[in-house]
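Descriptive analysis of the structure
One letter stands for each residue in the lines below.
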Amino acid sequence: MDLRTRYLGLDLSSPIVAAASPLTGEVDNIRRLEDMGAGAVVLPSLFEEEIEQNEQTIERLSTAGIESYAEALTYFPAAASCRTGCERYQELVGRARSAVDMPIFGSLNAKSERGWVDYARAIEAAGAQAIELNLHFIPMDPSLSGREVEERYRGIVKAVKNAVTIPVAAKLGPYFSAMGHMAGELFAAGADGLVLFNRFYEPDIDLAELSLSPHLDLSTASEIRLPLLWIGILAGRGAGSLAASSGVESADEVVKYLLAGADVVMTASALIRHGVGHMRALVDGLRTWLAARNLDALDAIRGSLCQREAADPTAFERANYVKI
Amino acid sequence: MDGNTAVAHVAYRINEVCAIFPITPSSPMAELADEWAAAGIRNIWGNIPVIQQMQSEGGAAGALHGALQAGALTTTFTASQGLLLMIPNMFKIAGELTASVFHVAARSVATQGLSIFGDHSDVMATRSTGFALFSSGSVQEAHDAALIAEVATLKSRVPFLHFFDGFRTSHEVNTLSLLSDSDLRAMIDDALVRAHRARALNPEHPFIRGTSQNPDTFFQGRESVNPFYRAVPEIVQKAMDDFAALAGRRYRLFDYEGAADAERVLVLMGSGAETARETAAALRQKGEKVGVVQVRLFRPFSAAHFLDALPATCQSLAVLEQTKEPGAPGEPLYLDLVAALADAFSCGRRAGMPKVIGGRYGLSSKDFNPAMAKAVFDELKKPEPKRSFTVGIIDDVCGTSLDLDPSYAIERDDVVRALFYGLGADGTVGANKNSVKIIAEQAGFYAQGYFVYDSHKSGAQTLSHLRFGPQPIHSPYLIGSANFVACHHFPFLLRQDILRLAAPGATFLLNSPYGPHQVWNRLPRSVQRQIIEKRLRFFVIDASRVAREVGLKNRTNTVLQTAFFAISGVLPRDEAIAEIKNSIRKTYGAKGEKVVQQNFKAVDDTLSRLYEVKVPLVPTSGFDRPPPVPANAPKFVREVTAMMLEGRGDEIPVSLLPVDGTFPSGTAAWEKRDIADEVPLWRPELCIQCGACSFVCPHSVIRAKYYDEGRLQNAPAAFKSAPVNARGYPEVRYSLAFYIEDCTGCGVCIEACPAKSPAEPGVKAINLEAKAQMLEAERANLAFFEELPVNDRARVDFANVRGVQFLEPLFEFSGACAGCGETPYLKLLSQLFGDRMMVANATGCSSIYGANLPVTPWSRNHEGRGPAWSNSLFEDAAEFGLGFRLAADKHLDLARERLKSLSRDIGEDAVDAILKAPQIQESEIRAQRARVAELKGKLLRMAERDEKARDLLSVVDHLVRRSIWIVGGDGWAYDIGYGGLDHVLSTGRNVNILVLDTEVYSNTGGQASKATPLGAIAKFAAAGKRVARKDLALQAIAYGNVYVAQIAMGANPQQTLQAFREAEAYEGPSLILAYSHCIAHGFDLRYGMKQQDLATASGYWPLFRYNPAMRRVGENPFRLDSPRPTIPLRDYAYNELRYHALALAHPSEAEKLLIEAQAAVVEKYKTYEALASRQNGGQAARRPASSRAARPLLMNGRERHGP
């Protein structure tokens, strides 16, 4: 069965990719994912904010009380205040690259323009074969217009593309007034691919502590509809790669996304929920589905139900009006 | 570079083994060696030296001796008591003619008090060991001497002790020309290294060394080494000459500098020689015929070289020494010189005998400045100079001191002299070290930095003395007249005379919350007057605000450093700013870009927020600096303590100081340090009166009382109270009071408070609030609270945390770190047993915050009773405390005997009642106190006529049960004092040992001990500790008759309380291991108690009590008080930098160690569970006791309890 796939200009042995999650931060898991048939792995995101916070915390703690009392002018060996975060991430990229043959993608969530560029360069330097930009941005300032937000996204992609030579994918949320146009803008800015869609942390309220608490539920199969819609609309237009993300629970969702035109299908929630071994179930499920239809290559079905290829392209538009 | 680093740089590179143990001020040398080894830095032979920490300096000396005998080039670093512990091995090493160099940052030996500061008393105690004693007097000299000593020891086989002045040289930062590896290679002869190895023990060609010798041969054997010692002076001089040829810096065994026809000469060792030389040069310019001999090789003493160095014209000679030998005819160098001169004169080698006087200076880093050197030169002019004088103090008892002209100064005009008053940990010292570095790196500039710290670990004042100039700076003394003064903490203006040392026309920089137009009227009148009279240029900047705004919180270092460069003119402004930014990049680059950018912004913002203040013509303020202590303070506090508090301790004359180191208790209460910006504010309506806040308060600033509501009639309007929440006391009120001027604002109490407002999220029954607004009202509230009666100890329920809050703490307001994890235990101890307690305290954090002058936190209760506290040494606290017990037991026996013999006079019933009184419950203690008080009354009436009554009176206090506590940290208990501790446990005597276990040597800055956990980093374990901590509890339990408890107040305060009470009640030895969070763990100590809870929840620190008395009632003595682990070790450990840092630096290694540590936790818990489920005395095994179901105390009956 030929599951070979091209994504971001890279050859993958399978269209199923382990999305960024804590699981992909462990090299043992990455090895197992490859063994289970994953086509590639996206490492957990490097968060500029987290790095900064770590740096500041370590600076604060390693200097607390120093140069104050004659007998104890410091409290830690100098190594305690070493640089944090970025080198650690680079080390993970390096270890992952040497552990497996499949491509390793870095993932980046920065907050400053300089951060996007510097850390992207650092990830490239560490040996990542592509970078996924985790564009997690909530425009909390009500005076910020949609156009400005879009420009921000475009600017980030452009800046990173100018800084690195490896392929760059943009992972987005769905909240744009004109998703299709936005996708086009990002491709125009240089993005080699889009990952649809990102899911955001949304705060909840802890009633016992009377405080806000960050919250992110694992996705469920019912969440595939929106990404499926946009993958279907954008597929086959030749602008760049498309990765589907969200709601991949079983091989059924994998097949649906591929039919809609995704180049690759990413999953994190299912792996977290069922363990790394679930990758095998997804890959085998895909093979079984193809075999049951006497198909021996993936290309035969990829995008066969995208809007451009669909027998009834208007089905995508009318979806909202159909009575369920 | 400082002296310690300069020495370590050489010692590390020319040795193969370093045996180390921390002791101030030498610790940084060992720490650097450990860090360099961990970083893989190699010595000149291309290998990484082995750095081995030992359990004590005695152990280090033993390991060093062994390594030497096995042929390795071996060194060590030490000082003071540490050096003394090495003495037995030093005799052996020298007796066996073994080449080695010890590097000693010379420090006072503890006598009437401990001192961490510098003098030569430690080195002088080693005179008879056979080591060559080799002195250096500056950072550069120390660096060079480290190499010369190594060359000389290899050539001569005589071991060398290279010493330099603790702090003055070890911690002074100065311009240094660093010796390269090739310089070292050129000086070290590998043939001598191989000869050293060839002399090693080797089974291939065996021999015996270390025989036991008898009267027939020992003496001759001692004399056999003489040729080696006679050769040393020439060998050293040759090494010095070779060194001069290589490096261009020339030294001699006795370096003379001065007039060729000098008539008056000073002889001294160490850094004081630089001061003396500078002074002599200044005097020579005025035509005086003076000179200075600096002694470098003190032992073996070469009279010939000394006589050669001394000008023949010398008529009078003063020998200055940094040591004191009470009862001796003179200090050691004086005696040597007198003997050399007398010998030369009597043998005709010298025509005349100059007048020789000896004197002492600089004990414990007392400053030795040109005025003092001049006073000595002047003394030599007198026909009858003082023979055994002192200089630098006022000796109004024996009149030994020389009079000084304090205005005498010889500072060069081209030297910028800057003083910086900083608040500990605000970054001032770090910034100044950085400024020295920046300037020293400029071509044609030289720089010097010396830093003075006060006695406190929190809210301390630092004073930086910086000199910059176009010539090398040889002025190892404090700045007496500064042309730049910076005060980095505004409140200092109200505590000290900050401008006292400002020279006329100097620049004054003030970190002020008030702008250039508001600040003037906020200055005390005396400050205004000095600014006007001295015509100071006055600048202000709100550095705290600038730092805060760029995200640097309270780290004002970059801001104030920039301000200094901007207005001092040391370097051209733009050049200076560029250099600061370069330096920021270097310093913070490794810590991340964000930190770098924040500091860059701080630099830029400083320049636009720095203002010169237009100084009015006359003072305008109506207020001035208040006296350091109030008028109602005790006489000693007013006359002595106050001087120290004002920074004028140097002016205290001998007569005002106690002759035997005995100081009054409880003087910390008179020092209002006022260091917290935010302090707790009570919300009585939310409070559940649980006592948790006062229980955990590290500085004893929270007090509780209950009282009759009628007493509120005269209360201040703002005084808060609530009905006591106990049933049956309708007219009783409850109040909490806060000593907010003593509070450090650590917030531990806030985190401990369980009472949350349901309506206001985040609000508790106590909350941190800005102090400024509440200060006046709270002072009045506190004054009223102090007038309320102290609650009767006999009516307070000692058995629970809630009750303990009503007991007077007799350990209060110490200078411990804000949020200290040790002090709450000591406070609790003082509350429970303080009025009948003796404390033997091991040296360490607890002895420092417990008794570091100016003030003493161990105090007295309202009846005048309180803990009797003393510190002997670091290593002997257990033995010292056992001595307390032996004496107490002896005197109790004596008192009982005498009492029995007087029973006819006293009354048999009364005697019987005293002798048979139970004394476990507090009510029983109170009853016994009443009996003994009555007995004392009778005895006083009988005393005049009855010898036995007088005798009984001298020991009668022992009839009240005395509580002996031995207190120390894990460095003492696990390492240096372990042998003694173990022995004391084995005696079965009734002593209580409290180990404040921070798992590192906290006091010396966080070096690893055997209590340091697996996987944590610490100094001396920079790559992470590789073995699990020692289980001291299990070792003690193995005795079977020792009460052992492991406690963590934050995990279970009730169990802590119970353990303290059981241990004290147990008639035998007790050992309590108390988890003590520490600044060296690397987390915000506000959450210290929470972190303790996590330590227990993870199973890392299980709580248990082993009470041998339980066996008597057929119960298992081992009670496990904490449940099985509920969280993984990671969730506890990675909250702390000591673990987390390793995970960041070496993730895989850290992960491996964490897995091992987790496995060790699981295994250990199983061991404890097995102990807890053991059957005993036919009783069924019990499950681990829950915290609430803990067993009752071994006490008879219930106490009467108040609310």
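Residues numbered from 1 in each chain as written. Chains lettered and ligands numbered in written order. Predicted model: local features only at pLDDT ≥ 70, side-chain atom pairs only at ≥ 80, totals over all residues. Heavy atoms only, no water.

Observations concerning the overall build of chain B
The helix and strand tally for chain B stands at 41 helices and 36 strands. Rg of the C-alpha trace for chain B: 32 Å, near the compact-globule value of 33 Å for 1203 residues, within the 12% margin. Dimensions of chain B, computed from C-alpha atoms along their principal axes, come out at roughly 95 × 85 × 80 Å. For chain B, contacts bridging at least 24 residues in sequence account for 77% of all contacts bridging at least 6. (Helix = DSSP H or I, 4+ residues; strand = E, 2+ residues; numbered from the N terminus. Rg over C-alpha atoms; globule rule 2.2 N^0.38 Å. Contact = heavy atoms within 4.5 Å.)

Overview of a nonpolar patch on the surface
Residues and elements named next belong to chain A. A surface patch of nonpolar side chains, amounting to about 370 Å² of accessible area, comprises I205, L207 and L212. Relative to the assigned elements, L207 resides in the loop between β9 (204-206) and β10 (211-213). Under the relative-accessibility criterion, L207 is labelled exposed at 71%. (Patch = residues over 30% accessible without salt bridge, like charges linked within 9 Å, V, L, I, M, F, W, Y side chains within 5 Å. Areas by Shrake-Rupley, 256 points an atom, 1.4 Å probe, with all protein chains shown as cover. Salt bridge = Lys/Arg side-chain N within 4 Å of Asp/Glu carboxyl O. Buried < 20%, exposed > 50% of the residue type's maximum accessible area, 1.4 Å probe, protein only.)

Considering the pairing of strand β7 (residues 168-172) of chain A
All names here are of chain A. Among the five residues in β7, five count as buried, and that is most of the element. Side chains V168, A170 and L172 of β7 all project onto a buried face; the interleaved residues A169 and K171 project onto the opposite face, where all are buried too. Regarding topology, helix α5 (residues 146-163) serves as the crossover connection from strand β6 (residues 130-134) to the parallel β7, and that connection is right-handed. In the sheet, β7 pairs with strand β8 (residues 193-196) via four bridges, with the strands oriented parallel. Across the sheet, the residue bridging to K171 is V195, located in β8. What joins β7 to β8 is helix α6 (residues 179-188), and the crossover it makes is right-handed. (Right-handed = clockwise from strand over helix to strand, strands pointing away. Pairing = 2+ DSSP bridges.)

Details of the interface of chain B and chain A
Each partner contributes residues to the interface: chain B has 59 residues there, and chain A has 35 residues. Summing both partners gives a buried area of about 4,000 Å² for chain B against chain A, and 57% of it is carried by carbon and sulfur. Summed over the shared surface of chain B and chain A, the number is one salt bridge. Put simply, K433 of chain B and E67 of chain A hold a salt bridge, and the shortest N to O gap is 3.1 Å. On the surface where chain B and chain A come into contact, there are six residue pairs in polar contact (both at pLDDT 80 or more). Those elements that place two or more of their residues in the side of chain B that touches chain A are α15 (428-440), α20 (593-608) and α40 (1137-1145) of chain B. When residues of the side of chain B that touches chain A are assigned to their parent elements, the largest contribution, seven residues, is made by α40 of chain B. (Buried area = accessible area lost by both parts, 1.4 Å probe. Polar contact = N/O pair within 3.5 Å; in protein donor to acceptor, adjacent residues only side chain to side chain.)

Comments concerning the nonpolar core
Residues and elements named next belong to chain B. Of all hydrophobic cores here, the largest spans 97 residues; its most connected members are L147, F160, V236 and F306. Considering every element that reaches this core, the biggest residue donor is helix α6 (residues 139-156), with nine residues. If you count residues domain by domain, this core takes at least three from each of domain 1 (3-207 + 220-246) and domain 2 (254-391). Residue contacts for L147: discarding those within four places in its chain leaves V10, I14, L179, L184, M187, I188 and F243. (Core = buried A, V, L, I, M, F, W, Y, C linked by side-chain atoms within 4.5 Å. Domains from an automatic or database assignment.)

Side note on the packing of helix α3 (residues 57-69) of chain B against helix α4 (residues 80-95) of chain B
Residues and elements named next belong to chain B. For the pair α3 and α4, interaxial distance at closest approach is 7 Å and the crossing angle is 25°. Taken together, the axis directions place α3 and α4 in an arrangement best described as roughly parallel. Relative to α4, the crossing made by α3 is right-handed. Only G82, L85, M86, N89, K92 and I93 of α4 make contact with α3, whose side of the interface consists of E57, G58, A60, A61, G62, L64, H65 and L68. Residue composition of the contact of α3 with α4, by class: seven nonpolar, five polar and two charged. (Axes fitted to C-alpha atoms, helices over the stretch in contact; angles between N-to-C directions. Parallel < 35°, antiparallel > 145°, perpendicular 65-115°, else oblique. Left-handed = near helix turned anticlockwise from the far one by under 90°. Nonpolar A, V, L, I, M, F, W, Y, C, P; charged D, E, K, R; others polar.)

Regarding the sheet that holds strand β6 (residues 160-165) of chain B
Residues and elements named next belong to chain B. Strand order in the open sheet formed by seven strands is β2-β1-β3-β4-β6-β5-β11, and the pairing between neighbours is mixed. Edge positions in the sheet fall to β2 (50-53) and β11 (297-299), since each has one partner strand and no second. With strand direction ignored, the average angle separating the axes of adjacent strands in the sheet is 20°. Seen against the sheet, α3 touches β1 (17-20), β3 (74-78) and β4 (101-106) and runs at an angle of roughly 165° to β3.

Side note on the sheet that holds strand β5 (residues 104-109) of chain A
The pairing of strands in a sheet happens through backbone hydrogen bonds and is either parallel or antiparallel. All names here are of chain A. What the eight strands build is a closed barrel, ordered β3-β4-β5-β6-β7-β8-β11-β12; its pairing is parallel. With direction set aside, neighbouring strand axes in the sheet form an average angle of 25°. Packing against the sheet, helix α4 (residues 113-126) makes contact with β4 (40-47), β5 and β6, and its axis sits at approximately 160° to β5.

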